[in-house]
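# Remarks on the overall topology
Single-letter residue listing:
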Amino acid sequence: MNDRSARVAALADAAIALLAEGGMRALTHRAVDARAGVPVGTTSAYLRTRQALIEAVVRRLVDLDRADLTDRELPTDAPPPGPPPRLTPADLDHLAVATAQVLDRWLTDGRDRSLARYACLLEAVHRPELRPILAHGTVLREQARALLAGAGAADPRRQGDQFVAFVDGLLFDRLVGAGALSAPPPGSPESREDLRSAIRALLRAFTGT
């Protein structure tokens, strides 16, 4: 990472923290300067417009999320052409465990990132020029389709999209929804087991295994 990339990443990290704390209204160039501890005008020098700032946040979120997925040995790139590899029930067990661990991390150490991600998505609803933000989820859907095809799902394209939507909804419910009132505490073994059980049940429903 060169000096410019490192500085933009640091500014994006500061912006993510602001979004998590105060939503989109808290995100200004001057606020990022203050949060990052840099001279006034630094953020606008690197990211001149608000749209450029939000896009930098989204790129940073994608990079950090990709690192989490890689750490858990979950696929992060579009699947290669050709038939997907066959998956066994043991493979699906591993997928459920790894996915639960990532979700639990996004509820704890990655909580700010999760909140910032949802803030960006909500902003895109009202600002069509930011709709490309949604594109970063395309690869996850492609991977889910390939995984479910390899596991023998009847309709892997549709069910792959549903799997990603289910997992995202599970995270949202535990983070800001009613699930936060009744789910096990994030970061606990009980939380990871509860998430694993829900994900494995969905995989079983889609694949019969």
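What comes next concerns the included structure. On a predicted model such as this, the values are computed, not experimentally measured, just so you know. (Residues numbered from 1 in each chain as written. Predicted model: local features only at pLDDT ≥ 70, side-chain atom pairs only at ≥ 80, totals over all residues. Heavy atoms only, no water.)

## Things to note about the packing of aromatic side chains
Note the following rule: Classification of ring pairs uses Phe, Tyr and Trp, with its six-membered ring standing for Trp, and accepts pairs whose centres are within 6.5 Å; under 30 degrees between planes counts as stacked, over 60 as edge-to-face, and the remaining range as tilted. Here a strand is any run of E in DSSP of at least two residues, a helix any run of H or I of at least four, and the numbering for each starts at the N terminus. Only protein chains enter the accessibility calculation, which uses a 1.4 Å probe; a residue whose area is less than 20% of its type maximum is buried, one above 50% is exposed, and one in between is partly exposed. A ring is considered to have a charge above it if a Lys NZ or an Arg CZ atom is located within 6 Å of its centre and within 35 degrees of its normal.
All told, the structure shown has one aromatic pair when counted by the stated rule. Measuring from centroid to centroid gives 5.0 Å for Tyr118 and Phe172, while their planes differ by 90°, and the two rings are edge-to-face. Remark: Phe172 occurs in helix H8 (residues 156-176) and Tyr118 occurs in helix H6 (residues 111-126); sequence separation between them is 54 residues. Residue classification places Phe172 among the partly exposed residues on the basis of a relative accessible area of 40%. Sitting over the ring of Trp106, Arg117 keeps its end group 5.1 Å from the ring centre.

## What about the environment of Phe163?
Tracing the sequence through the fold places Phe163 in helix H8. The exposure class of Phe163 is buried, given its relative accessible area of 10%. Along the sequence, Phe163 and Ala144 sit 19 residues apart, while their C-alpha atoms lie 7.0 Å from each other.

## Here we look at H8
As a reminder of what qualifies: The span you would expect from a helix comes to 1.5 Å times its residue count less one. Should any heavy atoms of two residues lie within 4.5 Å, those residues are counted as being in contact.
If you check H8, its first and last C-alpha atoms are 29 Å apart, about what 21 residues at 1.5 Å a residue would give, namely 30 Å. Summarising the contacts, the buried residues of H8 are in contact with helix H5 (89-107), H6, helix H7 (138-150), helix H9 (179-182) and helix H10 (189-207).

## Some points on the side chain of His29
Mapped onto the elements of the fold, His29 is located in helix H2 (residues 29-36). Setting aside chain neighbours within four positions, we find His29 in contact with Thr43, Ser44, Leu47, Arg48, Thr49, Arg50 and Leu53.

## Details of the pattern of salt bridges
Operational definition: When a carboxyl oxygen of Asp or Glu is within 4 Å of a side-chain nitrogen of Lys or Arg, the pair counts as a salt bridge.
Scanning the entire structure with this criterion turns up 14 salt bridges. A salt bridge links Asp68 to Arg113, with the nearest nitrogen and oxygen atoms 2.9 Å apart. Here the residue Asp68 occupies a position in helix H4 (residues 50-71), and Arg113 occupies one in helix H6, the gap between them amounting to 45 residues. For the pair Asp68 and Arg113, a shared accessibility class is recorded, and that class is buried. Because the salt bridges share partners, they merge into one network encompassing Asp65, Asp68, Arg105, Asp109, Arg113 and Arg117.

## Observations concerning the packing of H4 against H5
Worth spelling out the cut-off: What counts as an axis is a line fitted to C-alpha atoms, over the stretch in contact for a helix, and the angles between N-to-C directions run from 0 to 180 degrees. Each angle gets one of four labels, with under 35 degrees taken as roughly parallel, over 145 as roughly antiparallel, 65 to 115 as roughly perpendicular, and the rest as oblique. The hand of a helix crossing depends on one turn: near helix anticlockwise from the far one by less than a right angle means left-handed, and clockwise means right-handed. For this scheme, ten residues count as nonpolar: Ala, Val, Leu, Ile, Met, Phe, Trp, Tyr, Cys and Pro. Four count as charged, namely Asp, Glu, Lys and Arg, and the remainder, Gly too, count as polar.
Interaxial distance between H4 and H5 falls to 9 Å at its minimum, and their mutual angle equals 140°. Here H4 lies oblique to H5, going by the angle between them. For the crossing formed where H4 meets H5, the hand is right-handed. Note on element contacts: H5 touches H4 through Val102, Arg105 and Trp106, opposite Asp65, Asp68 and Leu69. A class-by-class count of the residues in the contact of H4 with H5 yields three nonpolar, no polar and three charged.

Without other data, these values stay purely geometric and don't point to any function.
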